[in-house]
Amino acid sequence: MNERIEVVFGDITKLEVDAIVNAANSKLLGGGGVDGAIHRAAGPGLLEECRSLGGCPTGEARITKGYRLAAKWVIHTVGPIWRGGAYCEDELLAKAYRNSLKLAEENRIKTIAFPAISTGAYGFPVERASLIAAAEISGFLEDNGSIEKVLLVCFSERAERCYLRALEESR
Ligand code: ADP
């Protein structure tokens, strides 16, 4: 199953996949981190389409076109802000992965790349987040035959180490 999941290092905006996932905020109007990078690379059409969506609650996901990106689609999901772990952060992060993958399935997306959702400005501990990401994605792929490849995109060596270990553990 896990041959369909791969950890890669680098800038998600450069990837030639059907869809990239954006770690957005609930307003869906752009921001810093990976969100800002995606909006810069996609161009103003993305923000315009996002404006028409009226936001997205934490744990849910929305899909738009990719505009100037190589990716045809952007799936915007909102991860939880880390508040110590007692505020359903784990479940909300799991939901963000699950709902993004559901949208991918519904839109017949075969290749999809995720950033390390919530582990930047939102402060979710990266080791804990990587275990949740690996478990959710492997679980989803067990029941799904249409998604061919899921890339876990890491932007730091620390994240890369955590994601590689988490993937080993979910095997
Ligand atoms: P959040 O608010 O969900 O924490 P951030 O964008 O602050 O979102 O960070 C999420 C993760 O995305 C972090 O691990 C950060 O290092 C990573 N990241 C930032 N820019 C990029 C990029 N261009 N490509 C891939 N990952 C990125």
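Since this is a predicted model, take the numbers as computed values, not measurements.

Peer 1: I would appreciate a short explanation of the site of the ligand in the present structure.
Peer 2: Neighbouring residues of the ligand: 14 residues in total, closest Val34, Ser118, Thr119, Gly120 and Ala121. Aspartate 11 is positioned such that a nitrogen or oxygen atom in its side chain is 2.9 Å from a nitrogen atom of the ligand. The backbone of tyrosine 122 places a nitrogen or oxygen atom 3.0 Å from an oxygen atom of the ligand. Against a free-state accessible area of 570 Å², the protein chains account for coverage of 87% of the ligand.

Peer 1: Honestly, the nonpolar core in this entry has me stumped. Any pointers?
Peer 2: Within soluble globular proteins, side chains that are nonpolar generally end up buried alongside one another. Judged by nonpolar contacts, the single largest core of 36 residues is most densely connected at Ile75, Ile112, Phe114, Ile137 and Tyr163. Elements with a contribution of two residues or more to this core: strand E1 (5–9), strand E2 (19–24), strand E3 (61–65), helix H3 (89–106), strand E5 (111–114), helix H4 (126–142), strand E6 (149–154) and helix H5 (157–170). Here the element with the most residues in this core is H4; it accounts for eight residues.

Peer 1: I would appreciate a short explanation of the packing of H4 against H5 in the present structure.
Peer 2: Any two packed helices are characterised by the angle at which their axes cross and by the distance between the axes. At a minimum axis separation of 8 Å, H4 and H5 run at an interaxial angle of 40 degrees. When the interaxial angle is binned, H4 and H5 end up oblique. When you trace H4 past H5, the crossing you get is right-handed. Between H4 and H5, the contacting residues are Val126, Glu127, Ala129, Ser130, Leu131, Ala133, Ala134 and Ser138 on the first element and Arg158, Ala159, Cys162, Tyr163, Arg165, Ala166, Leu167, Glu169 and Ser170 on the second.

Peer 1: Can you help me understand the pattern of salt bridges in this one?
Peer 2: Two side chains that carry opposite charge are able to pair once their charged atoms sit near each other. Summed over all chains, the structure comprises seven salt bridges. For lysine 149, the salt bridge is made with glutamate 6, and the minimal N-O distance between the two is 3.1 Å. In this pair, lysine 149 sits in strand E6 while glutamate 6 sits in strand E1, placing the two residues 143 residues apart along the sequence. Residue classification places lysine 149 among the partly exposed positions, given a relative accessible area of 27%. Here arginine 128 and aspartate 90 are joined by a salt bridge, their closest N and O atoms 2.9 Å apart. Here the residue arginine 128 occupies a position in helix H4, and aspartate 90 occupies one in helix H3, the gap between them amounting to 38 residues. Residues participating in the shared-partner salt-bridge network are Glu91, Arg98 and Glu136.

Peer 1: Looking at this structure, I do not really get the packing of aromatic side chains. What am I missing?
Peer 2: Given two aromatic rings, their pairing is described by the distance between the two centres and the angle made by the two planes. For the structure shown, the criterion picks out two aromatic pairs. With centroids separated by 4.9 Å and ring planes inclined at 35 degrees, the aromatic side chains of tyrosine 97 and phenylalanine 114 adopt a geometry described as tilted. Here phenylalanine 114 lies in strand E5 and tyrosine 97 lies in helix H3, a separation of 17 residues in the sequence. Residue phenylalanine 114 is classed as buried on the basis of its relative accessible area, which comes to 0%. Over the ring of tyrosine 87 we find arginine 83; its NZ or CZ atom is 4.0 Å from the centre of that ring.

Calculation criteria
Residues numbered from 1 in each chain as written. Predicted model: local features only at pLDDT ≥ 70, side-chain atom pairs only at ≥ 80, totals over all residues. Heavy atoms only, no water. Near = heavy atom within 4 Å. Polar contact = N/O pair within 3.5 Å; in protein donor to acceptor, adjacent residues only side chain to side chain. Areas by Shrake-Rupley, 256 points an atom, 1.4 Å probe, with all protein chains shown as cover. Core = buried A, V, L, I, M, F, W, Y, C linked by side-chain atoms within 4.5 Å. Buried < 20%, exposed > 50% of the residue type's maximum accessible area, 1.4 Å probe, protein only. Helix = DSSP H or I, 4+ residues; strand = E, 2+ residues; numbered from the N terminus. Axes fitted to C-alpha atoms, helices over the stretch in contact; angles between N-to-C directions. Parallel < 35°, antiparallel > 145°, perpendicular 65-115°, else oblique. Left-handed = near helix turned anticlockwise from the far one by under 90°. Contact = heavy atoms within 4.5 Å. Salt bridge = Lys/Arg side-chain N within 4 Å of Asp/Glu carboxyl O. Phe/Tyr/Trp six-rings, centres within 6.5 Å; stacked < 30°, edge-to-face > 60°. Lys NZ or Arg CZ within 6 Å of the ring centre and 35° of its normal.

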